[in-house]
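Close look at the chain arrangement
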Amino acid sequence: HHNVMTRIREEALDISGGNNHWIEYNKFIGMTVNGFKIHSQYDHIDNCVVRGNLVLMAGLDIEYDLSSGSSYTPGHAGMGMVLENVSGFKVYNNVFISRYAAYYGDRDRDYYKDGKWQGYWGQFENNEIYNNIHMGITLIVGNFHNMVDSIGFKNTFSNNTWHPLE
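Figured I'd write up the structure that's included with this text. (Residues numbered from 1 in each chain as written. Predicted model: local features only at pLDDT ≥ 70, side-chain atom pairs only at ≥ 80, totals over all residues. Heavy atoms only, no water.)

Structural notes on the overall build of the chain
Here is the rule: Only DSSP runs of H or I covering at least 4 residues are called helices, and only runs of E covering at least 2 are called strands; the numbering of each starts at the N terminus. Only protein chains enter the accessibility calculation, which uses a 1.4 Å probe. A residue is then buried if its area is under 20% of the maximum for its type, exposed if over 50%, and partly exposed in between. It only takes one pair of heavy atoms within 4.5 Å for two residues to be counted as in contact. Each accessible area is a Shrake-Rupley estimate made with a 1.4 Å probe; only the visible protein chains count as cover when residues are assessed.
Counting secondary structure elements, the chain contains two helices and 18 strands. In the chain, which comprises 166 residues, the proportion classed as buried is 40%. Long-range pairs, those at least 24 residues apart, make up 69% of the contacts in the chain between residues at least 6 apart in sequence. For the chain, the exposed surface amounts to about 8700 Å²; the carbon and sulfur share of it is 52%.

What follows is the structure, encoded as structure tokens:
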């Protein structure tokens, strides 16, 4: 917590498993991909807190945008924050400003790639997402295995601000 990272050539933070993480009071500015990604690719990830973070300009083309002195060109698909297949999270009082502000939900699992099976653990459920500011496109998605159980019925989204990035 309390980190300031700028002009990052990857994600500022990538956590792929574990429990009881606290991601708080960070400033992530100018990542080439996602501001931060929390997902269950390695193992289940449960009962974490994400609060008080500021993420600006995810998906930044560092070579073009910063070296030329031009303004931010949000041409890449980086997200301010990605939460995939996580459960029991409390996400509050964050600000995400990027072409793609956030991704909440499940990612399809059990697919074959590069000669081996890939997978994610768990479902996006029992999460509380509240009092956040999202400026940019926000994706809230389910997966093929969880089409009947709506993301909105298993999670709480309240008091958030959703606004397009102009």
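Thoughts on unusual backbone geometry
With a phi angle near 50°, Arg 7 is a residue other than glycine that sits in the positive phi range. Summarising the element assignment, Arg 7 is placed in strand 1 (residues 4-8). Judged by its relative accessible area of 55%, Arg 7 is exposed. Even without being a glycine, Asn 131 presents a positive backbone phi close to 60°.

Considerations on the pattern of salt bridges
Put simply, the rule is: Salt bridge, as used here, is a side-chain nitrogen of Lys or Arg placed within 4 Å of a carboxyl oxygen of Asp or Glu.
If you walk through the whole model with that rule in mind, you get three salt bridges. Lys 90 serves as the salt-bridge partner of Glu 128, at 2.8 Å between the closest nitrogen and oxygen. Note that Glu 128 is positioned in strand 15 (residues 128-130) and Lys 90 in strand 11 (residues 90-92), a separation of 38 residues in sequence. Given the relative accessible area of 32%, Glu 128 is considered partly exposed.

A word on the environment of Ile 23
For Ile 23, the position within the fold is in strand 4 (residues 22-24). In this structure, the C-alpha to C-alpha distance between Ile 23 and Phe 36, residues 13 residues apart in sequence, is 9.7 Å. Among residues more than four places away in sequence, those in contact with Ile 23 are Leu 13, Ile 15, Ile 38, Val 49, Val 50, Arg 51 and Asn 53.

Regarding the pairing of strand 10 (residues 79-84)
Heads up, the rule is: Only when DSSP finds a minimum of two bridges between them are two strands counted as paired.
Counted residue by residue, strand 10 has six buried out of six residues, so it is predominantly covered. The pairing of strand 6 (residues 36-39) with strand 10 spans four bridges and is classified as parallel. Along strand 10, the bridge assignment pairs His 39 with Glu 84. Bridge count for strand 10 against strand 12 (residues 95-105) is five bridges, and the pairing is parallel. Bridged to Leu 83 within strand 12 is Tyr 104.

A closer look at the nonpolar core
This is how the line gets drawn: As used here, the term nonpolar core means buried Ala, Val, Leu, Ile, Met, Phe, Trp, Tyr and Cys residues forming a set that is joined through side-chain atoms within 4.5 Å.
Ile 38, Leu 83, Phe 89 and Tyr 104 are the most contacted members of the largest nonpolar core, which has 25 residues in total. The set of elements that each furnish at least two residues to this core consists of strand 5 (27-31), strand 6, strand 9 (54-58), strand 10 and strand 12.

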